[in-house]
Amino acid sequence: MSSKENTQEEEIKNIEAEAQVEENQEVEKEEPTAEELIQAEKDKYLRLFAEFENYKKRTTKERIELFKTANQELMTTLLPILDDFDRGLAEIKKAKDKELLKGMQLINDKLNKSLEQKGLSLMEVKEGDAFDADIHEAITQIPAPTDKLKGKVIDCIEKGYKLGDKIIRYPKVVIGQ
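Let us look at the structure shown here.

Quick notes on the rules
The residue numbering used here restarts from 1 in each chain and proceeds along that chain's sequence as written. Residues qualify for local features only when their pLDDT is at least 70, as the model is predicted, and side-chain atom pairs are given and counted only at 80 or more; totals for whole chains, interfaces and linings, by contrast, use all residues. Remark: hydrogens and water are excluded; side-chain values derive from all non-hydrogen atoms of the structure. The nonpolar core is taken to be a set of buried Ala, Val, Leu, Ile, Met, Phe, Trp, Tyr and Cys residues, with the residues joined through side-chain atoms within 4.5 Å. The buried label applies to any residue whose accessible area, calculated with a 1.4 Å probe on protein chains only, is under 20% of its type's maximum; exposed applies above 50%, and partly exposed to all values in between. A run of DSSP states H or I qualifies as a helix once it reaches four residues; a run of E qualifies as a strand once it reaches two. Both are numbered from the N-terminal end. Throughout this description, the term salt bridge denotes a Lys or Arg side-chain nitrogen within 4 Å of a carboxyl oxygen of Asp or Glu. Being paired, for any two strands, means DSSP has found at least two bridges between them. The angle between two axes is taken between their N-to-C directions and runs from 0 to 180 degrees, where each axis is a line fitted to C-alpha atoms and a helix contributes only its stretch in contact. It only takes one pair of heavy atoms within 4.5 Å for two residues to be counted as in contact.

Note on soluble globular proteins: their nonpolar side chains tend to be buried together. Grouped together as the largest cluster of nonpolar side chains are eight residues: Met75, Leu79, Leu82, Leu115, Leu120, Tyr161, Leu163 and Ile168. Every element with two or more residues in this core is listed here: α3 (72-95) and β4 (160-163). Residue contributions to this core peak at three residues, all from α3.

Take a look at the structure:
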C-alpha cells in the first residue's frame, strides 16, 4: 500500500503542478504588457480619428451641395419672369424707342449678372446643334429645311438654365425631321 500511496501522492503533486502552470499561464494571459496596451490604445485612437475625418468630409460635402442648390426654388420661380422680361425687350426693340430700350437693357443686364453670381447660368442652344435628350426637351418635330438639319435643333422656344452643375429647366426646342 505504501507504493500505492506514493503513486497517488505523485499524481496529486503532478495535478497540482499542472494546475499551478495553468494558473501562471492564465495570469500571464490576463495581464498584457504595457507595449501591447499602448498599441491597442493607439489603434483605437487611429480608428476613431479616421472615422471622425470621414464624418467631417461627408458633412462638408453635404453642406456645399446644400449651399449650391439652396436657391433652386427661388431661381425656378424667377425663370418665367426672366422670360417675360426678354419678350418685353424684344417688343421695345420693335418700337425703336432708344432711351426706353437702353434703360430696360441696363436693368436686364444687372438682373442677369446678379443671378449669375448666385450660380444661375443660361444653357446656350443654337440652330444646328445636335439634339441630345439628356439636355434638351423636344416640343415638336417639323420637316427639316435642309438635310443637314435632320435630327438637329431648328429653333429654341424656351431657354434652359442651370444652377451650378444641375439643370433646373431644360431648353424647349424644335427639331428637324
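All right, on to the pattern of salt bridges then. Applying the stated criterion across every chain, the model contains 10 salt bridges. Residues Glu91 and Lys94 are paired through a salt bridge, measuring 3.3 Å at the closest nitrogen-oxygen approach. You can see Glu91 and its partner Lys94 sitting in helix α3, three residues apart, about one turn around the helix. For Glu91, a relative accessible area of 47% gives the class partly exposed. The partner of Asp147 in a salt bridge is Lys150, with the nearest N and O atoms 3.8 Å apart. Residues joined by salt bridges that share partners form a network here, namely Asp83, Glu158, Arg169 and Lys172.

Attention shifts here to the sheet that holds strand β1 (residues 120-123). Strand pairing within a sheet occurs via backbone hydrogen bonds; the two strands may be parallel or antiparallel. The sheet built from three strands is open, its strands ordered β1-β4-β5 with antiparallel pairing. The open sheet terminates on both sides in strands that have one partner only, identified here as β1 and β5 (166-169). Strand-to-strand, the axes of this sheet are offset by a mean angle of 40 degrees, without reference to chain direction. In this structure, β4 lies alongside β5, joined through three bridges in antiparallel fashion. Note on β5: the bridge partner recorded for Lys162 is Ile167. Contacting β1, β4 and β5, α3 crosses the sheet at an angle of about 55 degrees to β5.

The next thing to look at is the sheet that holds strand β2 (residues 137-142). One open sheet holds the three strands; their spatial order is β2-β6-β3, and the pairing between them is mixed. In the strand order of this sheet, the two ends are held by β2 and β3 (153-158), each with one partner. The mean angle between the axes of side-by-side strands here comes to 25 degrees, regardless of whether they run parallel or antiparallel. In the sheet, β3 pairs with strand β6 (residues 172-176) via four bridges, with the strands oriented antiparallel. Across the sheet, the residue bridging to Asp155 is Val174, located in β6.

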